[in-house]
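Read off the chains here:
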Amino acid sequence: MASLTRDDILKLAKLARLKLTEDEIAEYQRELADILQYVEQLNDVDVLGLEPTSQVTGLVNVSRKDEEIDYGYAPLDLLKNVPEVEDNLIKVKRMIG
Amino acid sequence: MASQWLPLSELAAKVRAGELKAADLVEQALKTIAEKSEYQAIIATLEESARARAGQIDEQVAAGKNPGRLAGVPFIAKDNFLVFGADTTAASNILKGFKAPYQSTAVNRLEAEGAICVAKANLDAFAHGSSTENSDFFPTKNPHDASRVPGGSSGGSAAAVMLDMAPFALGTDTGGSIRLPASFTGAVGYKPTYGLVSRSGVVAMASSTDCIGPLTRTVEDAALVLDVMSGRDPLDSTTIERDEAPYTELSADLKGKKIGIIKEYMTDGIEPGVKTCVEAAVEKLRVAGADVQEISLPSLPAALAVYYIVVPAEISSNLARYDGQRYGHRAEGATNLEDSYSKSREQGFGKEAKRRIMIGTYVLSSGYYDAYYKKAQTVRTKLINEFNEAFQKVDFLAGPVAPMTAFKIGENVDDPLKMYLIDIMTVSANLTGIPAVSIPAGTSNDLPVGLQLMAAQRQDRALLGAARAAEEVLA
C-alpha cells in the first residue's frame, strides 16, 4: 500500500518548484497516497514481452528543412508579455543570495 | 432545445449569397452571449476583432469574392486556444493577462474559410478536470439544469453551443474533455485520430494524448469543422496526413456495419438510467441494420490507472514552462530566482494543477520511473493491441461516454479520485489515439446521455458516417 511522508511531499514540491502551505502538504499527502494506491492495480497486469508505447501513430523522427520561417511575430512582440523588461532583456532576480 | 442557427453549410451559403450579413450573425452571437451570461460559459468576448472581421467578410461578398466555406459563421474557442491579440488564460491565474502574440493553426484554418471567433470559453484550468469547476475563475453551469456541471474540461464550449451562443465551438480532448461535456449537455463532441488536427498554438496539457475537435449541434456540422481544420502542419510535427476525400463526404448507412458493444463498460458500475438509455440506443442501431455484438477488451479497467500516470507525468513536464519569468504571473517580493519560480507557481496554479504536477513529478522521479511510468506505457501497448484486435472483428465500438449524467456543482470537488473515475470510459481513446465521438442518445431523469462510438485510427470519415446515421436513428 502506497504511503507518503511529509518529507516525500516536501521533496516533490521542491523538485516541482512549488511552495505549499501546511494545509496543502497534509492534503496532498493523503490524496497522492489514494491515487497511487489506485494505480497500483497495474502491478496485476501481465505485460510479459511487451514494449512501452509513447507515440501512438507510429511517426518517427519528423523533421523539416533547416531554413528560416516567418512566424508572423517579432521578438519585441514576445517581450510584451514579459513581467519585467530592461533594455529589451528579460529581467529576473539574482540566481544566488 | 431547437437552435436559432442554421446548419453551418447553409449559414455560410447564405452569407456568400448576400442573404445574410456576417455582421448580423456576429451581433446575434454577442447578444445571446450577453443574455445567457448567468451560465458563466464565457471568459471573454472578442467584440472588436469579431465586428471588424465580419465587416471585411461582408465587403468581400459585396465585391463578388468568396470568403470561404464558413463565411461569416461565428464560433467560440475554448480559452486554451491562442487567438491573435486576445487574452489566452487557459482559465488559470498564472496566465491571466497573457495576450497571444500569434495564433493557433486551428483558428487560422477556420478564419481562412471565413469563420469568426467571437468569444473564449471557460474550462477547467489548463483543461485539468471533468466538470469545469477547476476553472480558476468560476464554474460553468449546465444549460439543462443550472445547479449541475456541464462536464469538462471543455464545459464552457459545450454549454455555449447548447445555449446557442454560436453555431459551433472548439474544444480539446486529452482524456474525454470534448466527449464528456457533449454527453452532459446533449451536444455532439468529436475527438479525432491523434494528430489529425494541429495543436500548434494550443496550451499543452499531455502531449501524447492531446487532441483538438469541434462541439456542435449535429454530426454534419462537426464533419465540416473537422474538414477545415485537419491535416499536416509544419508547426506540429505530430500531425498526420488527412484523407484526400473531404470528411464531409459521409456514407451514413448502418446496414451490415459491425458494432461491438464494449462489455467492460456495460457493468453495474454505471447509473441504471444511463445503461438503459445506451442499451435502447444500441437496439435502435440494430433495428436500423447494424450487426451488433458484444466485445470484450480485458485490459480496459486498467486504462484509467495508465492515464493517471502518463498524463500527470506529461503535465508536470509541460507546466514547467510557467515559471513567472518570460510571461504570466510573477510573484512580488521573491528573494532570488528560485524563490521567484516557487512563489509565482504557488500563487498562479490552482489546486488541481498542483496536484497533477505533484503526481507527475512523483511517477517520473528517480526510483519510481520504472515502477510507474514505464509500467503504464507498457500496459498502454497492451491496450492498443486489444483495440487493434477488436477492430479486426468490428467496424465500430460503442458504449456510454460516462457512467453518469451531469452531477450537481460541488458534489465531487472534495474527492479527486472520484472525479478522476468519471473519465473511465473516455481515456482509452486518447491512450490509443483512436477517434471517438459523443452523440445524444436520449435522456435519463431529463438529463442528456451520450452514446460513444469509436473507430480504428484514421477511420474518422467512417466514424463520422456511422455517427451521422446513428444520430438520425436516435433523433
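Everything here concerns the structure above.
Keep in mind that this is a model prediction, so the values were computed, not measured.

A. Fine view of the overall build of chain A. A count of helical and extended segments in chain A gives three helices and two strands. When its helices and strands are written in sequence order, chain A yields α-α-α-β-β. Dimensions of chain A, computed from the C-alpha atoms along their principal axes, are close to 55 × 45 × 20 Å. For chain A, the accessible area works out to roughly 7,100 Å², and carbon and sulfur atoms hold 50% of it. In chain A, 12 side chains carry a positive charge and 20 a negative one; their mean positions are 9 Å apart.

B. Just the pattern of salt bridges, in detail. Tallying each qualifying case throughout the model produces 32 salt bridges over all chains. For the salt bridge of B:Lys275 with B:Asp268, the shortest nitrogen-to-oxygen distance reads 3.5 Å. Accessibility expressed as a relative area gives 19% for B:Lys275, which makes it buried. Look at B:Asp268 and you get exposed, because its relative accessible area is 73%. By sharing partners, the salt bridges in this structure join A:Glu31, B:Glu352, B:Arg355 and B:Arg356 into a single network.

C. Quick peek at a nonpolar patch on the surface. On the surface, A:Ile69, A:Tyr71 and B:Leu235 cluster together into a nonpolar patch covering about 250 Å² of accessible area. Relative to the assigned elements, A:Tyr71 resides in the loop between α2 (22-39) and α3 (75-79).

D. The pairing of strand β3 (residues 116-121) of chain B, seen in detail. Residue and element names in this part refer to chain B. Across the six residues of β3, six count as buried, placing the element largely inside the fold. Strand direction decides the pairing type here: strand β2 (residues 74-78) and β3, joined by five bridges, are parallel. Note on β3: the bridge partner recorded for isoleucine 76 is alanine 119. Each parallel crossover has a hand, and for β2 linked through helix α4 (residues 105-112) to β3 it is right-handed.

E. View of the sheet that holds strand β7 (residues 258-262) of chain B. Residue and element names in this part refer to chain B. Taking strand neighbours across the sheet as the criterion, the eleven strands line up as β1-β3-β2-β4-β6-β5-β10-β11-β9-β7-β8 in an open arrangement whose pairing is mixed. Where the open sheet ends on each side, the last strands, each with one partner, are β1 (42-45) and β8 (291-295). Taken over all neighbouring pairs, the strand axes of this sheet differ in orientation by 30° on average, direction set aside. Against the sheet, α4 contacts β2, β4 (168-173) and β6 (211-216), and its axis sits at roughly 160° relative to β4. Along the sheet face, helix α5 (residues 155-162) touches β1, β2, β3, β4 and β6 and points at about 155° away from the line of β4.

F. Region of the structure containing the nonpolar core. Residue and element names in this part refer to chain B. Grouped together as the largest cluster of nonpolar side chains are 171 residues, with contacts concentrated most on Ile76, Leu110, Val118, Leu170, Leu397, Ile439 and Leu451. Top element by residues in this core is helix α9 (residues 303-318). It accounts for eleven residues. Residues in contact with valine 118, not counting those within four places in the same chain, are Val26, Ala29, Leu30, Ile33, Thr45, Leu46, Ala50, Pro74, Phe75 and Ile76. Membership of the second largest hydrophobic core comes to nine residues, among which are Val149, Met404, Phe407 and Ile422.

G. Focus on the side chain of B:Thr172. Residue and element names in this part refer to chain B. Following the sequence through the fold, threonine 172 ends up in strand β4. Engagement of the side chain of threonine 172 in a polar contact is seen with the side chain of asparagine 80, the distance being 3.1 Å. Excluding anything up to four places from it in sequence, threonine 172 contacts Lys78, Asn80, Phe81, Ala127, Ser153, Ser154, Ser177, Ile178, Val202, Cys211 and Ile212.

H. Here's a closer look at the layout of surface pockets. Looking at the largest pocket, its volume works out to about 860 Å³. Every residue lining the largest pocket is counted, 42 residues in all, and those nearest its centre are B:Leu82, B:Tyr102, B:Gly201, B:Val202 and B:Arg321. Mapped by element, the contributors of at least two residues to the lining of the largest pocket are α3 of chain A together with α4 and β6 of chain B. Here the lining of the largest pocket is built from residues that sort into 23 nonpolar, 13 polar and six charged. Its volume calculated, the second largest pocket comes out at about 500 Å³. Along its surface, the second largest pocket is lined by 26 residues, and B:Gly186, B:Arg217, B:Thr218, B:Pro440 and B:Glu471 are the ones closest to its centre. Those elements that provide at least two residues to the lining of the second largest pocket are α5, α7 (219-229), β10 (436-444), β11 (447-454) and α15 (460-474) of chain B. In terms of residue class, the lining of the second largest pocket is made up of 13 nonpolar, six polar and seven charged.

I. Quick look at unusual backbone geometry. The residue after B:Gly152, namely B:Ser153, is reached through a cis peptide bond having omega 10°. In this fold, B:Ser153 is placed in the loop between β3 and α5. Even without being a glycine, A:Asn61 presents a positive backbone phi close to 45°. Following the sequence through the fold, A:Asn61 ends up in the loop between α2 and α3. Residue A:Asn61 is classed as exposed on the basis of its relative accessible area, which comes to 72%.

J. Structural detail: the interface of chain B and chain A. Listed per partner, the contact involves 69 residues of chain B and 54 residues of chain A. Overall, the association of chain B and chain A removes approximately 5,400 Å² of surface from exposure, summing both partners, and the carbon and sulfur fraction of that is 66%. Linking chain B with chain A are seven salt bridges. Here B:Lys354 makes a salt bridge to A:Glu24, at a shortest N to O gap of 3.1 Å. At the boundary of chain B and chain A, one finds 19 residue pairs in polar contact (both at pLDDT 80 or more). Taken together, the elements giving at least two residues each to the side of chain B that touches chain A come down to α9, α10 (337-348), α11 (351-364), α12 (370-393), α13 (416-421) and α14 (427-432) of chain B. At twelve residues, α12(B) tops the list of elements feeding residues into the side of chain B that touches chain A. Along the lines of polarity and charge, the residues of the side of chain B that touches chain A split into 32 nonpolar, 20 polar and 17 charged.

About the cut-offs
Residues numbered from 1 in each chain as written. Chains lettered and ligands numbered in written order. Predicted model: local features only at pLDDT ≥ 70, side-chain atom pairs only at ≥ 80, totals over all residues. Heavy atoms only, no water. Helix = DSSP H or I, 4+ residues; strand = E, 2+ residues; numbered from the N terminus. Areas by Shrake-Rupley, 256 points an atom, 1.4 Å probe, with all protein chains shown as cover. Lys, Arg positive; Asp, Glu negative; His and termini not counted. Charge placed at Lys NZ, Arg CZ, Asp CG, Glu CD. Salt bridge = Lys/Arg side-chain N within 4 Å of Asp/Glu carboxyl O. Buried < 20%, exposed > 50% of the residue type's maximum accessible area, 1.4 Å probe, protein only. Patch = residues over 30% accessible without salt bridge, like charges linked within 9 Å, V, L, I, M, F, W, Y side chains within 5 Å. Pairing = 2+ DSSP bridges. Right-handed = clockwise from strand over helix to strand, strands pointing away. Axes fitted to C-alpha atoms, helices over the stretch in contact; angles between N-to-C directions. Contact = heavy atoms within 4.5 Å. Core = buried A, V, L, I, M, F, W, Y, C linked by side-chain atoms within 4.5 Å. Polar contact = N/O pair within 3.5 Å; in protein donor to acceptor, adjacent residues only side chain to side chain. 1 Å grid on protein atoms, 1.4 Å probe; cavity = no way out; pocket = protein on both sides within 12 Å on 5 of 7 lines; lining within 4 Å. Points joined across faces, edges and corners; volume = space filled by probe spheres on them. Nonpolar A, V, L, I, M, F, W, Y, C, P; charged D, E, K, R; others polar. Buried area = accessible area lost by both parts, 1.4 Å probe.

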